[in-house]
Amino acid sequence: MKIIDKQVVSLNNLMVKLKKKKCPPEGILILFPHCLQNTTCKQNIKNDLNECKRCGKCKVKNLMELSEKYGVSIAVASGGRVALEKVKADSVQGVVAIACEKELRVGIMAAIPKAVFAVPNLRPNGYCKDTDVYIDEVEKAIERFMKE
Ligand code: SF4
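Residues numbered from 1 in each chain as written. Predicted model: local features only at pLDDT ≥ 70, side-chain atom pairs only at ≥ 80, totals over all residues. Heavy atoms only, no water.

**Some words on the layout of surface pockets**
Item 1. Its volume calculated, the largest pocket comes out at about 590 Å³.
Item 2. Taken together, 31 residues make up the lining of the largest pocket; nearest its centre are Ala77, Gly80, Ala83, Ala99 and Glu103.
Item 3. Mapped by element, the contributors of at least two residues to the lining of the largest pocket are strand E1 (28-33), helix H3 (80-88), strand E3 (94-99) and helix H4 (101-111).
Item 4. Of the residues forming the lining of the largest pocket, the biggest block, eight residues, is contributed by H4.
Item 5. Class assignment for the residues of the lining of the largest pocket results in 21 nonpolar, seven polar and three charged.
Item 6. Its volume calculated, the second largest pocket comes out at about 300 Å³.
Item 7. Contributions of two or more residues to the lining of the second largest pocket are made by helix H1 (2-19), H4 and strand E4 (115-120).
Item 8. It is H1 that contributes the most residues to the lining of the second largest pocket, six residues altogether.
Item 9. Of the residues belonging to the lining of the second largest pocket, the class tally is 10 nonpolar, one polar and three charged. (1 Å grid on protein atoms, 1.4 Å probe; cavity = no way out; pocket = protein on both sides within 12 Å on 5 of 7 lines; lining within 4 Å. Points joined across faces, edges and corners; volume = space filled by probe spheres on them. Helix = DSSP H or I, 4+ residues; strand = E, 2+ residues; numbered from the N terminus. Nonpolar A, V, L, I, M, F, W, Y, C, P; charged D, E, K, R; others polar.)

Written out as structure tokens, the structure reads:
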């Protein structure tokens, strides 16, 4: 199944690139999983992302900075259903989703027809714990959606 997950993610990203969908910044949503937050962090970012003190112990800081740099929305996905509600909001036209390949595959299918650019996370500590992401991949995905 892992191979299928990766293939679906790659194929989806290729389709999004080929379609060249463009959105205004306010129509773009960065969606990231709660497991990206450092486990020692006591800030309740699930409740309010502004609780992040931007200490730099995890990439939540970098994602918040990207959101400000490009003027795009950002949200933490605290569960599949909540994530889907955010993606399905009328204001959202393009999504940059960060997660493991399995969650990305499920999310991409559920979000159809919304354009989702999928960025697989890094899992140096295994699934769902202190995960990581290449910020330059997220930034490239945002730029693909931006109008020239
Ligand atoms: S960057 Fe934000 S979320 Fe990450 S550990 Fe620091 S305060 Fe917590």
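**With respect to the site of the ligand**
Item 1. Surveying the vicinity of the ligand reveals the residues Gln37, Asn38, Cys41, Cys52, Lys53, Arg54, Cys55, Gly56, Lys57, Cys58, Val60 and Lys61.
Item 2. Looking at the shell around the ligand, its residues break down into five nonpolar, three polar and four charged. (Near = heavy atom within 4 Å.)

**As for the sheet that holds E3**
Item 1. Spatially, four strands are ordered E2-E1-E3-E4 in an open sheet, and the strand pairing comes out parallel. Because the sheet does not close on itself, it has two edges, and the strands there are strand E2 (73-77) and E4. Adjacent strand axes in the sheet meet at a mean angle of 20 degrees, parallel and antiparallel pairs treated alike.
Item 2. Across five bridges, E1 lies against E2 in parallel orientation. Residue pairing for E2: Ile30 is matched across the bridge by Ile74. (Pairing = 2+ DSSP bridges. Axes fitted to C-alpha atoms, helices over the stretch in contact; angles between N-to-C directions.)

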